Amino acid sequence: MVETDVILVGGGIAGAGAAYEISASHRVVVLEREAQCGYHSTGRSAASFTENYGTATIRRLALASRGFLAEPPKGFCDHPLLGRRGMITIARADQRERLAKALDTARSLVPSIVPLDPAEAIARVPVLRPDYLAACFFEPNSMDLDVDGLHQGFLRGARARGATIRTNAEVREIRRAGDLWTVETTAGIFTAPRIVNAAGAWGDVVAAMAGVAPIGLQPKRRTAFNIPAPDGMSISGWPLIDDVGAEFYFKPDAGQLLVSPADATPSEPMDAWPDDMDVAIGADRLGQATTIEVQRVSRSWAGLRTFAPDGSPVVGPDGSAPGFIWLVGQGGYGIKTASAMSRICAAFVRGEGIPGDILDRGVTEADLGPARLRPASQAPHV
Ligand SMILES: Cc1cc2nc3c(=O)[nH]c(=O)nc-3n(C[C@H](O)[C@H](O)[C@H](O)COP(=O)(O)OP(=O)(O)OC[C@H]3O[C@@H](n4cnc5c(N)ncnc54)[C@H](O)[C@@H]3O)c2cc1C
């Protein structure tokens, strides 16, 4: 039996980031079912940092994470975590009104976003079809994000602070007696007064094991695939191109293009795989907007983006179960918000409130805590 201060269930970006922050003050054990911590959603993302995507809470958390990503602590990673990319959001003629609204919303939080002349977008990305592209705007500070560098930096840093990361350790049973949680896994038994649920798509499953009511998490499958760069074109400097109707996006990815049909198919928590039809839809939408004809898909994959009912993440103690802390519902934004989410989670573990710099951005405990998703009769403050 291993005794510790905090047990973290899940070794994806959420669990790794929280382990890094919490281990500055507490003994931590991370329990990860798979042989590799990034096996599920964390290892399957589009590796993009944009401040203009997701609910207002998500955007604020991304803004609050930017400083760490731009200048991680000394020794965290031996190369930059962010790389300049830029992002152009495009619209067809029938999407003009939608684009105008999206631009208004975007600029209210991210003033650096500017309207862009479609001719300029085509000059930057010559495959865009002039008869498709009617309007667009540009986010200059959108970046490529080194997901593995961030994830491994969190894990390495947590280990250096004394945390234990146990892979092949599936949590099977969770009991609470007095002030202590006892967690039975395929790698032994662990006890701690606090448990953090960072189980991604399995967040409600892990809560149920602990006798905590679910919060209605919904995993949604998203597909991505790589295709070779168009013949004779240098694509490395292309920005990410995103459709304002969330129908597809594409960006350079290690010498190839990464394309996604931006699907969001409800799924059970599982090891997601790509459906050929979703890949075909992505290729078709790409072909409508650009002169690229997809001849060969070099790799395709799918992952789960897991959402709380209101689309914002959930971090905070559960009022019904002392010492049980949620860290779930990161949707399609868990990498870019990981730094702020981890710091908030660590503050809750220490019994503190949201860190001041994040609070100053307008993120409150009510925006993030599980109580907002529960009927009033179950909310802890009632
Ligand atoms: C195609 C795609 C594109 C994306 N693009 C971006 C992007 O550009 N930018 C961005 O910020 N985000 C993006 N995301 C979202 C991002 O990947 C997720 O929000 C993030 O990875 C969630 O991290 P997590 O740690 O919560 O989940 P996961 O990485 O899934 O980790 C949860 C872990 O918990 C473990 N676990 C579950 N149950 C148990 C148990 N009983 N015992 C032990 N361990 C358990 C699992 O094995 C898993 O490893 C994208 C996602 C997808 C699928």
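Conventions we followed
Residues numbered from 1 in each chain as written. Predicted model: local features only at pLDDT ≥ 70, side-chain atom pairs only at ≥ 80, totals over all residues. Heavy atoms only, no water. Near = heavy atom within 4 Å. Polar contact = N/O pair within 3.5 Å; in protein donor to acceptor, adjacent residues only side chain to side chain. Helix = DSSP H or I, 4+ residues; strand = E, 2+ residues; numbered from the N terminus. Domains from an automatic or database assignment. Contact = heavy atoms within 4.5 Å. Buried area = accessible area lost by both parts, 1.4 Å probe. Salt bridge = Lys/Arg side-chain N within 4 Å of Asp/Glu carboxyl O. Pairing = 2+ DSSP bridges. Buried < 20%, exposed > 50% of the residue type's maximum accessible area, 1.4 Å probe, protein only. Expected span 1.5 Å × (residues − 1). Arc of directions from axis to C-beta.

Comments concerning the site of the ligand
Then, number 1: The ligand sits among 36 residues. The nearest are Glu32, Thr42, Val171, Gly331 and Lys336.
Then, number 2: Taking Ala14, its main chain carries an N or O atom lying 3.1 Å from an oxygen atom of the ligand.
Then, number 3: Within the backbone of Arg33, a nitrogen or oxygen atom sits 3.1 Å from a nitrogen atom of the ligand.
Then, number 4: Looking at the shell around the ligand, the elements with two or more residues in it are helix H1 (13-22) and strand S20 (299-307).
Then, number 5: It is S20 that provides the largest number of residues to the shell around the ligand, a total of three residues.
Then, number 6: Split by domain, the residues of the shell around the ligand number at least three in each of domain 1 (2-51 + 147-216 + 310-378) and domain 2 (117-131 + 218-307).

Let's talk about the domain arrangement of the protein
Then, number 1: Under the domain assignment, the protein is made up of domain 1 (2-51 + 147-216 + 310-378) and domain 2 (117-131 + 218-307).
Then, number 2: Of note, the centres of domain 1 and domain 2, computed from C-alpha atoms alone, are 30 Å apart.
Then, number 3: Domain 1 puts 19 residues into the contact, and the matching count from domain 2 is 17 residues.
Then, number 4: In total, domain 1 and domain 2 occlude about 1300 Å² of area from one another, counting both sides; carbon and sulfur atoms represent 52% of this.
Then, number 5: When the buried area of domain 1 at its contact with domain 2 is split by residue, Arg44, Ala46 and Ala201 rank highest and sum to 38% of it.
Then, number 6: Put simply, domain 1 and domain 2 have one salt bridge between them.
Then, number 7: With its nearest N and O atoms 2.8 Å apart, the salt bridge here joins Asp271 to Arg44.
Then, number 8: Here domain 1 and domain 2 share eleven residue pairs in polar contact (both at pLDDT 80 or more) between them.

Topic: the sheet that holds strand S9 (residues 143-145)
Then, number 1: In space, the three strands of this open sheet follow the order S4-S9-S5, with antiparallel pairing throughout. With partners counted over all chains shown, the strands left at the sheet margins are strand S4 (48-49) and strand S5 (82-84), one partner each.
Then, number 2: Two elements, S5 and S9, share three bridges in a ladder whose sense is antiparallel. Residue pairing in the sheet places Gly83 in a bridge with Asp144 of S9.

Some details on the pattern of salt bridges
Then, number 1: All chains considered together, the criterion is met by 16 salt bridges.
Then, number 2: Glu173 is paired through a salt bridge with Arg175; the nearest N and O atoms lie 2.9 Å apart.
Then, number 3: On the accessibility criterion, Glu173 (37% relative accessible area) is partly exposed.
Then, number 4: One salt-bridge network, held together by shared partners, links Arg85, Asp144 and Lys251.

So, the sheet that holds strand S13 (residues 188-192)
Strands in a sheet are paired, the pairing made by backbone hydrogen bonds, and the direction either parallel or antiparallel.
Then, number 1: Strand order across the open sheet formed by four strands is S1-S13-S12-S11, with mixed pairing between neighbours. Lying at the two open borders of the sheet, with one neighbouring strand each, are strand S1 (2-3) and strand S11 (171-177).

Thoughts on the environment of Ala24
Then, number 1: The residue Ala24 is located in the loop between H1 and strand S3 (28-31) in this model.
Then, number 2: Relative accessible area serves as the criterion here: at 51%, Ala24 is assigned to the exposed category.
Then, number 3: Once the C-alpha coordinates of Ala24 and Val2 are considered, the two residues, 22 residues apart in sequence, prove to be 19 Å apart.
Then, number 4: Those residues within four positions of Ala24 in sequence are excluded, and the remaining contacts are Arg161 and Arg350.

A word on helix H3 (residues 96-109)
Then, number 1: Over its 14 residues, H3 runs 21 Å from end to end, which matches the ideal 20 Å to within 8%, given 1.5 Å per residue.
Then, number 2: Those residues of H3 lying buried are Leu99, Leu103 and Ala106. Take H3 and look down its axis: the buried residues cluster within an arc of 70°, on one side only. Turned more than 90 degrees from where H3 packs its buried face, Glu97, Arg98, Lys101, Asp104 and Ser108 sit exposed.

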